[in-house]
Amino acid sequence: MPKINVTVKWSGKKFENMELDTDESAELFKTQIYSQTGVPPERQKIMVKGGILKDTTDLNKLGLKDGHSFMMMGTAGELPKAPPKPVQFLEDMTDAEVMTALDIPPGLENLGNTCYMNATLQCLRAMPELKDALDKYQGGLNGADSRGNLVASLRDLFGNLSKVSDGFPPLIFWQMLRQSFPQFSQMGQGGVPMQQDAEECWSELVSVLKAKLPKESEDKNFIERYMTGELRTETTCVEAPEEEKVVSEHEPFTKLSCHISISTNYMINGILESLNEELEKTSPTLGRTAKYQRKSRVTRLPQYLPIQFVRFFWKPQEQVKAKILRKVKFPLEFDATELCTPELQNKFSKAKLKIKDVQDKKVQKERDEKRRKMNTDVTDSNTTATPMDTTATTTTTTDVTEEKVDWKDYLDPELVKDVGCNPTGQYELAAVLTHVGRSADSGHYIAWVKKSENEWHKFDDDKVSVLRDSDIERLDGGGDWHTAYIVLYKAKKLD
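Residues numbered from 1 in each chain as written. Predicted model: local features only at pLDDT ≥ 70, side-chain atom pairs only at ≥ 80, totals over all residues. Heavy atoms only, no water.

S.K.: Account for the overall build of the protein chain, with residues named and values stated.
M.R.: Secondary structure summary: the protein chain contains 13 helices and 19 strands in total. When burial is assessed residue by residue, the protein chain has 41% of its 495 residues classed as buried. When contacts within the protein chain are restricted to residue pairs at least 6 apart in sequence, long-range pairs at least 24 apart make up 67% of them. Carbon together with sulfur atoms contributes 50% to the accessible area of the protein chain, which is approximately 27200 Å² in total. (Helix = DSSP H or I, 4+ residues; strand = E, 2+ residues; numbered from the N terminus. Buried < 20%, exposed > 50% of the residue type's maximum accessible area, 1.4 Å probe, protein only. Contact = heavy atoms within 4.5 Å. Areas by Shrake-Rupley, 256 points an atom, 1.4 Å probe, with all protein chains shown as cover.)

S.K.: Lay out the pairing of strand β3 (residues 45-48) with the relevant residues and their values.
M.R.: Within a regular strand, the side chains alternate between the two sheet faces. Residues I46 and V48 of β3 are buried on one face, while the alternating residues K45 and M47, pointing to the opposite face, are not. As paired strands, β3 and strand β5 (residues 69-73) are joined by three bridges and run antiparallel to one another. If you follow I46 over to β5, its bridge partner there is M72. The turn linking β3 back onto strand β4 (residues 51-52) is made up of two residues, and G50 within it adopts a positive phi angle of 100 degrees. (Pairing = 2+ DSSP bridges.)

S.K.: I'd like a description of the packing of aromatic side chains, backed by residues and values.
M.R.: All chains considered together, the criterion is met by 12 aromatic pairs. Through a chain of ring-to-ring contacts, three or more aromatic side chains come together here, namely Y116, F181 and F184. Stacked on the ring of F158, the Lys or Arg R125 has its end atom at 6.0 Å from the ring centre. Seen from the ring of Y292, K281 lies directly overhead, with NZ or CZ sitting 4.8 Å from the centre. (Phe/Tyr/Trp six-rings, centres within 6.5 Å; stacked < 30°, edge-to-face > 60°. Lys NZ or Arg CZ within 6 Å of the ring centre and 35° of its normal.)

S.K.: Tell me about the side chain of D460, and please be specific about residues and values.
M.R.: Position of D460 relative to the elements: it lies in strand β17 (residues 455-460). Buried and unpaired, D460 has K463 as its nearest opposite-charge partner, separated by 4.6 Å. Reaching out from D460, the side chain makes a polar contact with the side chain of H444 at a distance of 2.7 Å. Residues in contact with D460, not counting those within four places in the same chain, are H444 and I446. (Lys, Arg positive; Asp, Glu negative; His and termini not counted. Salt bridge = Lys/Arg side-chain N within 4 Å of Asp/Glu carboxyl O. Polar contact = N/O pair within 3.5 Å; in protein donor to acceptor, adjacent residues only side chain to side chain.)

Written out as structure tokens, the structure reads:
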């Protein structure tokens, strides 16, 4: 039947010349009426021959003619309001507007082979306490101390990055970096800056920050509190076991190394290998050169733990730092207790068990929620769910949700007093600095920084994109893809 024009009478008003397509559903007609009257479809009572118009009524069977009048009863709801701002689509936005809309932080412009510096800076920005410490630095950019100027430029750069939404050129910081460390001023053919080693840039910056950031309580600054751990090292003579071992306490470190051998498949194994060394030196007992074993274990874990994958080695013939491409798995969540002394492991034990208990309950909650949803779906499909199962699911979910953990009951009191340490030994991945290429002084560096659960930002200089956990797990090496060079872990947050 062709389309016809009808009239709807409601509440003393006439809505004339409303187009009705009798081949369409009655539900669609009700929606048209709603747009004119403000009466929601579920409240509409439209009189037709034989009763009230239903959503499933076939309009072709009502014998309607052009000019037909409908009587309707029903209470109008509040008409939908127009959005306060016009809807704007992503494809119509500028790059800066897209970054703001999606809450994507700004990248750093490449000034000529400065990706090593940009990637390092973006990883350091993953530590909010560092920005707080930089804000307290009072030095300026024009002092006689070049390294003090470098810290001031880093403070200003981080401040600028919190204000802009588009790529930012780190010109002043790059200038101060080259003044403090001339090796970063090397130029290649055509006057283009040479690519540099990101790990060298990282280490130099951490060293400067440790020396220049203002001290806080107990005469320690951010680096000393939040990024510095301690080792106990024991050196024993393999050929003369009776010789007294040499013990060294409180050896500081600001990162750990992951050695990569033909048998290294996991990060933890590479770290342990680096903590167990063999060396030769003169033995006072034997009166000659002998083999010694040096075993180091952690006595203090910092809040932020950087780990360097030792992927580069010097090739004298080619005069390059060649790359080890072997795949080495690193976890998104890292239990570092195996690296620690037995005494520190014992201090972690109660908290570690409680964290596992909380995580198990969280997993159980997710399973129960999934089961509850499946039961609901079955019920909606006219299949009766077992009441006992539903009740059990609801009870379990409620118990997990309402549980509040007082972590003071599980944390060691001495570790609680040590501000900036990790009191549990449990970490989560915060940032990854990767390299693609065959040598440290060529190729390309990128930073991958965690924003929230299963959401990461990839900083490819000034190009920033959003990724997932699965993308980060692919950065473990094994080929010419982006490969983890430095990973930054932060202490797991206790909820």
